[in-house]
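# An overview of the molecular structure
Chain by chain, the residues:
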Amino acid sequence: MDTFTVSGPDISAAWIRACRALDQLPGRRAYHTVVRIEDPTSDDPRVRSRLDRILTSKQKQPVRTVANTIFPAALARSAKDHDTLVARYQDAFPTLKRLHRGNQLGTYFDRLINYPGPRGRNDQLAFIIGRLRQQQETRGPMTACYEANLVSPAADHDRGAVAVSAPVRVPGVDNGIMQFPCLSHCSFQLDRAGRLHLTALYRSQYMVERAYGNYVGLGELLAYVAERSGLHMGRLTVVAGYAQIDGGFITKIRPLLAEATTPLAA
């Protein structure tokens, strides 16, 4: 089975190494890929700018737009607290769906703060932040013990786990074969040094059209949850069941990959 595992100090380096690894595989396709990013809030603006130009030339969304579907960073910076952020986003959500065709089935951030469970809607991020704060008040904060239920994030509120999951996909609702959501799962881990890490699972990932923006959005999400929980931000790990360099992009990104000074080996 064709696969790869790469690491990078920042988003740009990790993305370049992943694309280089894919370009060496038959059909530029891989399975069960792993990308680790040490500082997921940092990237090279020159790489992002060049990628944005490539995306624009193909009438695709720029990096920032893709990232905003996972975490609305600008809105979060202007919100005094989490409740304010949620209220503002929910007010703006009908407009977001109307303005962007890709948002018709929803956004990842909406699923994180408004997940449909059997007992009603759930703000998963508020629960995760609350649980992390609670665990820090104990003598031995748990690190990776339990996962929240995939159907109802609120069902396990009293079990004291710190390895908290944020499901995105809704059984019985998200039935499209190639539609939203490709991001299936977000899982946060707290280590003994007080750093919060994030693992994200994708069923499928387009490495040029979406991956860079996904990394940016996930990094900002991780930084937000860590800051609200009084923790230090740790590593982002992205696992994709299936990854590919989207058709028509390879000739456009090869000059960028070749000119980048980042070597493939970690």
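Just so you know, these numbers come straight off a predicted model, no measurement behind them.

Analysis parameters
What you see as residue numbers is a count from 1 along each chain, following the sequence as written. Confidence filtering applies because this is a predicted model: local features only for residues at pLDDT of at least 70, side-chain atom pairs given and counted only at 80 or more, and all residues used for totals across whole chains, interfaces and linings. Derived side-chain values reflect all non-hydrogen atoms in the structure, with water molecules and hydrogen atoms excluded from consideration. Secondary structure elements follow DSSP: runs of H or I of four or more residues count as helices, runs of E of two or more count as strands, with numbering from the N terminus. The buried label goes to any residue with under 20% of its type's maximum accessible area, the exposed label to any with over 50%, and the partly exposed label to all in between, with areas taken from a 1.4 Å probe on protein chains only. Contacts were defined at the residue level, with two residues in contact if any of their heavy atoms lie within 4.5 Å. Residue burial considers only the protein chains on display, and all accessible areas are found by Shrake-Rupley using a 1.4 Å probe. Salt bridges are counted wherever a side-chain nitrogen of Lys or Arg sits within 4 Å of a carboxyl oxygen of Asp or Glu. You can read pLDDT as the predictor saying how much it trusts each residue, on a scale of 0 to 100.

If you tally the helices and strands in the protein, you get nine helices and nine strands. Scored against the burial criterion, the 266 residues of the protein give a buried share of 52%. Taking contacts inside the protein between residues at least 6 apart in sequence as the whole, the part at least 24 apart equals 69%. Only carbon and sulfur atoms are counted for the fraction: they give 51% of the accessible area of the protein, which is about 12,500 Å².

Attention shifts here to the pattern of salt bridges. Inspection of every chain in the model, using the stated rule, returns nine salt bridges. With its nearest N and O atoms 2.8 Å apart, the salt bridge here joins Arg 235 to Glu 38. Within this pair, whereas Arg 235 is found in strand E9 (residues 232–244), its partner Glu 38 is found in strand E2 (residues 29–39), the two being separated by 197 residues in sequence. Here Arg 235 falls in the partly exposed class, since its relative accessible area comes to 32%. Residue classification places Glu 38 among the partly exposed residues on the basis of a relative accessible area of 41%. Between Arg 64 and Glu 220 there is a salt bridge, with the nearest N and O atoms lying 2.7 Å from each other. Separated by 156 residues along the polypeptide, Arg 64 in helix H3 (residues 63–70) and Glu 220 in helix H8 (residues 207–228) bring together distant segments of the chain.

This part takes up the confidence of the model for the protein. Across the protein, the average pLDDT comes to 82, with 77% of residues at or above 70. In the predicted structure, residues 144–165 sits below a pLDDT of 50 and forms 61 contacts with residues beyond four places in sequence or in another chain. Low pLDDT (under 50) marks residues 262–266, which in the prediction has 12 contacts with non-local residues, meaning those over four places away or in another chain.

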